[in-house]
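Observations on chain architecture
Take a look at the letters that make up each chain.
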Amino acid sequence: MGETGSGKSTIVNLICRFYEPTEGQILIDGRDYRERSQLWLQSNLGYVLQSPHLFSGTIRDNIRYGKLDASMEEIEAAARLVNAHDFISKLEKGYDTQVGEGGGRMSTGQKQLISFARAIVADPKLFVFDEATSSVDTETEQVIQNAIQKVLKGRTSFIIAHRLSTIRAADRILVIVDGKVIEEGSHKDLLRKKGYYYRLYTNQFLEEEGARLLNK
Ligand SMILES: Nc1ncnc2c1ncn2[C@@H]1O[C@H](COP(=O)(O)OP(=O)(O)OP(=O)(O)O)[C@@H](O)[C@H]1O
Ligand SMILES: [Mg+2]
């Protein structure tokens, strides 16, 4: 977690090796990831980016890209797991819907759900999720949040999320300010520390409480 512009996406893009560190190292299981091939990383890591990219083609093609020999059952199972099946089924052509150039006919939230299913069909050991900041409606955000909780089991995941309820459940929370980790620990550890996380949590909690009272 961290404010906008603090460097969260930059860090996960480094993990995905879209670019490599100019200083320091990224170790996976104790080994510099540059000692291994790009293919190795690709077959072990799944990601959902903040501005997800889709290829022109159908939703099915886009999910299958995660595992080229995936059957229709596997594709649908992945879509169900990430709560994408519901919205896909409601489309006139379902899984055969064309997503348009670069996914232009889909909303950001829908694109995230499709790339989420694509990542999951490949069953990666490492998983990266960079939640879209804007243009995702509250309902889709909730759908994505619930899906994230379901796929965490059995993998190491890096989740960039905006809701403290998602962040709170993490084993380790890293607080990023100006590209650096300034606090790290579990939700309880960080509350006890009464630092940056504590202040943010208290503020957001008060805001949410306030909104709830106003809606009554
Ligand atoms: N390709 C780039 N070239 C130069 N600067 C960049 C580039 N991408 C991002 N930055 C800068 O690096 C900093 C960190 O950006 P980053 O996208 O990692 O933030 P973020 O924490 O993901 O923010 P948000 O919560 O809005 O997604 C910002 O100041 C941004 O302007
Ligand atoms: Mg970002």
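Residues numbered from 1 in each chain as written. Chains lettered and ligands numbered in written order. Predicted model: local features only at pLDDT ≥ 70, side-chain atom pairs only at ≥ 80, totals over all residues.

Quick notes on the sheet that holds strand β4 (residues 126-130)
The strand order β3-β4-β5 describes an open sheet built from three strands, whose pairing is parallel. Only two strands of the sheet have a single partner each, and these edge strands are β3 (45-48) and β5 (156-160). Strand-to-strand, the axes of this sheet are offset by a mean angle of 5 degrees, without reference to chain direction. Here five bridges tie β4 to β5, and the two strands are oriented parallel to one another. Looking across to β5, one finds that F129 is bridged to I159. (Pairing = 2+ DSSP bridges. Helix = DSSP H or I, 4+ residues; strand = E, 2+ residues; numbered from the N terminus. Axes fitted to C-alpha atoms, helices over the stretch in contact; angles between N-to-C directions.)

As for helix α10 (residues 196-215)
The end-to-end C-alpha separation of α10 is 29 Å, in line with the 28 Å expected for 20 residues at 1.5 Å each. In terms of burial, α10 is largely open, as just one of its 20 residues are buried. (Expected span 1.5 Å × (residues − 1). Buried ≥ 20, exposed ≤ 12 C-beta atoms within 10 Å, placed from the backbone.)

Regarding the site of ligand 1
The environment of ligand 1 is made up of G2, T4, G5, S6, G7, K8, S9, T10, Q50 and T133. Here the shell around ligand 1 is built from residues that sort into no nonpolar, nine polar and one charged. (Near = placed C-beta within 6 Å. Nonpolar A, V, L, I, M, F, W, Y, C, P; charged D, E, K, R; others polar.)

Side note on the nonpolar core
Counting 39 residues, the largest nonpolar core has V82, F116 and A117 as the members making the most contacts within it. Elements represented by at least two residues in this core include exactly β3, α3 (59-64), α4 (72-81), α6 (108-121), β4, α7 (138-151), β5 and β6 (173-177). Residue contributions to this core peak at seven residues, all from α6. Among all residues touching F116, those that are not within four sequence positions of it are V48, V82, A84 and A147. (Core = buried A, V, L, I, M, F, W, Y, C linked by C-beta atoms within 7 Å. Contact = placed C-beta atoms within 7 Å.)

Digging into the environment of I88
Along the chain, I88 turns up in helix α5 (residues 85-90). For I88, a count of 23 C-beta atoms within 10 Å corresponds to the buried category. In the structure, I88 is positioned 43 residues away from E131 in sequence and 20 Å away in space, judged by C-alpha atoms. Excluding its chain neighbours within four sequence positions, the residues that come into contact with I88 are I59, A79, G94 and Y95.

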